[in-house]
Amino acid sequence: MSGRKETVLDLAKFVDKGVQVKLTGGRQVTGTLKGYDQLLNLVLDEAIEYLRDPDDPLKTTDQTRRLGLIVCRGTAVMLVSPTDGTDEIANPFLQPDGA
């Protein structure tokens, strides 16, 4: 084993591709990953933030805000996922109203 630290997440395969990033505090942004470092600081281009529901801050709405080129601080990053190949599905664990 070499002295170089390996990160658990290999972001090199996502550079210049669309990613979705969830941040602490409930914010959620999508954009094109332009760069990153070992502290998980991310540079996103053409970033779009999904605004939260004022009644329930844990839910996002369909409203968006264009942010452009942004830096996401690594300490705030909770999740990074590719936007290609992911689709939103209905919650299979949600109980029908009549049950």
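Residues numbered from 1 in each chain as written. Predicted model: local features only at pLDDT ≥ 70, side-chain atom pairs only at ≥ 80, totals over all residues. Heavy atoms only, no water.

A. Inspection of the overall build of the chain at higher detail. Scanning the chain for helices and strands turns up zero helices and five strands. In sequence order, the secondary structure elements of the chain are arranged as β-β-β-β-β. Each of the 99 residues in the chain was classed as buried or not, and the buried ones make up 23%. When contacts within the chain are restricted to residue pairs at least 6 apart in sequence, those whose partners lie at least 24 apart make up 44%. For the chain, the computed accessible surface area is about 7700 Å², with 52% contributed by carbon and sulfur atoms. (Helix = DSSP H or I, 4+ residues; strand = E, 2+ residues; numbered from the N terminus. Buried < 20%, exposed > 50% of the residue type's maximum accessible area, 1.4 Å probe, protein only. Contact = heavy atoms within 4.5 Å. Areas by Shrake-Rupley, 256 points an atom, 1.4 Å probe, with all protein chains shown as cover.)

B. Quick look at the nonpolar core. Formed by 14 residues in total, the largest nonpolar core has its most connected members in Val19, Val21, Leu33, Leu42, Leu44, Cys72 and Val77. If you list the elements that add at least two residues to this core, you get β1 (18-23), β2 (28-36), β3 (42-52), β4 (60-72) and β5 (77-82). Beyond its immediate chain neighbours, meaning those up to four positions away, Leu44 contacts Val19, Val21, Val29, Gly31, Thr32, Leu33, Gly68, Leu69, Ile70 and Cys72. (Core = buried A, V, L, I, M, F, W, Y, C linked by side-chain atoms within 4.5 Å.)

C. How the structure looks around the sheet that holds β4. The strand order across the open sheet formed by five strands is β4-β3-β2-β1-β5, and the pairing between neighbours is antiparallel. Each of the sheet's edge strands pairs with one partner strand only, and the pair in question is β4 and β5. Looking at each pair of strands side by side, their axes are set apart by 30° on average, direction ignored. Both β2 and β3 contribute to a ladder of seven bridges, which runs antiparallel. Its bridge partner being in β3, Tyr36 is matched across the sheet by Leu42. (Pairing = 2+ DSSP bridges. Axes fitted to C-alpha atoms, helices over the stretch in contact; angles between N-to-C directions.)

D. Spatial organisation of the environment of Asp37. Summarising the element assignment, Asp37 is placed in the loop between β2 and β3. In sequence terms Asp37 and Gly74 are 37 residues apart; their C-alpha atoms lie 8.6 Å from each other. Here Leu39 takes part through its backbone nitrogen, which lies 3.1 Å from a polar atom of the side chain of Asp37. (Polar contact = N/O pair within 3.5 Å; in protein donor to acceptor, adjacent residues only side chain to side chain.)

E. Representation of unusual backbone geometry within the structure. Phi angles above zero are rare outside glycine, and Asp16 is one such case at about 65°. Examined against the element boundaries, Asp16 turns out to sit in the segment before β1. You can call Asp16 exposed: its relative accessible area is 52%. In this model, Leu40 sits at a positive phi of 70°, which is unusual for a non-glycine residue. Tracing the backbone shows Leu40 in the loop between β2 and β3. Overall, the relative accessible area of 24% leaves Leu40 in the partly exposed class.

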